Amino acid sequence: MEDIQEFYNLQRFAKLRSDILLDLKQNMDEVSVFLRRYPRKVILGALSDPTSPRNQEILRDISRFYFAVSPHYRRELIMLSTILTNNYVIRAIENVKTLDKDKFEEQYINYAIKCNRFKFKDINPQIMLRVLVDGIYYGLMIENKRSFFLKPLMHKYCRLAAVENGVWRFAFDLSYFNDKKTKLLLPSHGSEFVKAYTAYKGDKEKGIEGDKTLRWFIPKNQICIKFDEEYPFIMPPFIGCFKAIIDLETYQEIKKDGAILDNYKLINYTVETDTDGNPALSYEQIERYYRQIAGAVPEGIGIAVNPFKAESITLKDTQNSANDYTEDATRTLFDNMGSSPLLFGVGANPTYKVIELSLIVDATMMMKLLRQIERVFNVKYQREMSLHEDYLFEIYFLDQYSFNKDEVANRMQKAAMYGVPSKLLYAAALGQEPIDAYTASYLENEVLGCGVDIYNRPLISSNTLSNGEVGRPETDTPSENTELNISNNDDYK
């Protein structure tokens, strides 16, 4: 019976995977929206009033477009979304003096295994990147005993509905499944969505009458992360740099056009005229000479014919010709993003302190999002575990990012050396999952005996090698200074 159930679970998971691929095929129309480009006037108009729902949608489209085509915007968002290490520990929120040791250990291991299945180091950067692009993340947490993954939902079918236990909750528009194509995707959203859609739309075959008031559905297995928790409206966090991106594109075009004009040549020949202004040559003769010259010059050289003497006129600013306006616009772009341009190789005389301070600000901003993710998982799984578990736990992410991870690890190591109970924190700072730290410790100490049979004493080195005497080994041929020091010390014996 267990084999049949296992086979059914594998079939169901395979079906779920195929539904996800179908989702990608059926939603290819979203690509045209994702890469939609707006003129400068529309962008500036949307920036003038970002609280308008229509302007918010425009700004999200612009953010998605620039993430696809602007290397500066893309690098900034990817850097921010991946700057944190996402290392974490599992803490008990119980009175440890009253717990049952064996039961506590069993439930701790089970929860550590569950957390390991979440793959925070993979899903957290995905969530953060989407939040940075759109300003919010709407998704579903789909899991079974073997797997876990997030299914992002289309933004225009989701609306913020409530805040429960400090966690954002959204409602989904079930009319999304009214189309024949999208209705095929309904099973991939889970049985909860199937029941909700049946209650909303009805089922004639089963005699169920629909209720149109149930159009907006709040799923239980949802995850919602919002960048600005202080405001009810939603907008991408870096809309302030859109104008700088437009300016950068403009300067790049000007620089390109200027290079073309600098290499462009014009050949002008004058046709003499009489006193009445009539040309001395016939039109056929002028055209014949023009064609002869035009056929002999290479590409990039123009030809003009007129009765006047032509003089060259340039609008080039010779005084500021050495200025690189493109580099200035790039520096302004990163300044508007709030990051140091030195991180991306823009600017001169980079100093480590300036870069370090900029990274601290960036990491602090992203830690705010990480605390939201931490709160979502703690609220959801503490509520589920409280139904059948005796002890409750919580996830805690370390304040650690890519550029201070060694410093954090060293701090945890020193604390452990001086008796502070921070071994689990030290293991997490080194990148170990809680379940990995537990199983590795049990494997090395209890199973393989690494701490007793293999590493029962420190490795031999110049610091541990000794023949019963302290200090550096004496040499057979001491120097004159050594003999003089010995002689002087003997005077004080």
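Residues numbered from 1 in each chain as written. Predicted model: local features only at pLDDT ≥ 70, side-chain atom pairs only at ≥ 80, totals over all residues. Heavy atoms only, no water.

## Thoughts on the sheet that holds strand β2 (residues 136-143)
Then, number 1: Taken together, the three strands give an open sheet; going across it, the order is β3-β2-β9, and neighbouring strands pair in antiparallel fashion. Each edge of the open sheet carries a strand with a single partner, namely β3 (148-152) and β9 (222-226). Shown here is a sheet whose adjacent strand axes are inclined to one another by a mean of 30°, direction ignored.
Then, number 2: The sheet contact formed by β2 and β9 spans five bridges and is antiparallel. Looking at β9, one finds that Ile136 is bridged to Lys226.
Then, number 3: Packing against the sheet, helix α7 (residues 120-134) makes contact with β2, β3 and β9, and its axis sits at approximately 150° to β2. (Pairing = 2+ DSSP bridges. Helix = DSSP H or I, 4+ residues; strand = E, 2+ residues; numbered from the N terminus. Axes fitted to C-alpha atoms, helices over the stretch in contact; angles between N-to-C directions. Contact = heavy atoms within 4.5 Å.)

## Comments concerning the confidence of the model for the protein chain
Then, number 1: Of the residues in the protein chain, 67% reach a pLDDT of 70 or more, and the chain-wide mean stands at 77.
Then, number 2: Here residues 6-34 scores under 50 on pLDDT; set against residues more than four positions off or in separate chains, the count is 27 contacts. (pLDDT = per-residue confidence, 0-100.)

## Here's the deal with the packing of aromatic side chains
Then, number 1: Following the criterion strictly, the structure yields 28 aromatic pairs and no others.
Then, number 2: Between the aromatic rings of Phe104 and Tyr108, the centroid separation amounts to 6.5 Å while the plane-to-plane angle is 25°, which identifies the pairing as stacked. You can see Phe104 and its partner Tyr108 sitting in helix α6 (residues 101-118), four residues apart, about one turn around the helix. For the pair Phe104 and Tyr108, one class covers both residues: buried.
Then, number 3: Put simply, the rings of Tyr157, Phe172, Tyr176, Phe177, Phe193, Tyr197, Tyr200 and Phe217 touch in pairs and so form one group of aromatic residues.
Then, number 4: Positioned above the aromatic ring of Tyr396 is the side chain of Arg91, whose terminal nitrogen or guanidinium carbon lies 4.3 Å from the ring centre.
Then, number 5: Its guanidinium or amino end placed over the ring of Tyr381, Lys380 lies 5.6 Å from that ring's centre, counting from NZ or CZ. (Phe/Tyr/Trp six-rings, centres within 6.5 Å; stacked < 30°, edge-to-face > 60°. Buried < 20%, exposed > 50% of the residue type's maximum accessible area, 1.4 Å probe, protein only. Lys NZ or Arg CZ within 6 Å of the ring centre and 35° of its normal.)

## Brief notes about the pairing of β2
On a regular strand, each side chain points to the face opposite its neighbour's, so the side chains alternate between the two faces of the sheet.
Then, number 1: Counting buried positions along β2 yields seven of eight residues, so the element is predominantly enclosed.
Then, number 2: Across five bridges, the pairing between β2 and β3 is antiparallel. Opposite Met141, over in β3, you have Leu150 as the bridge partner.
Then, number 3: Hairpin geometry of β2 and β3 is characterised by an intervening segment of four residues between the two adjacent antiparallel strands.

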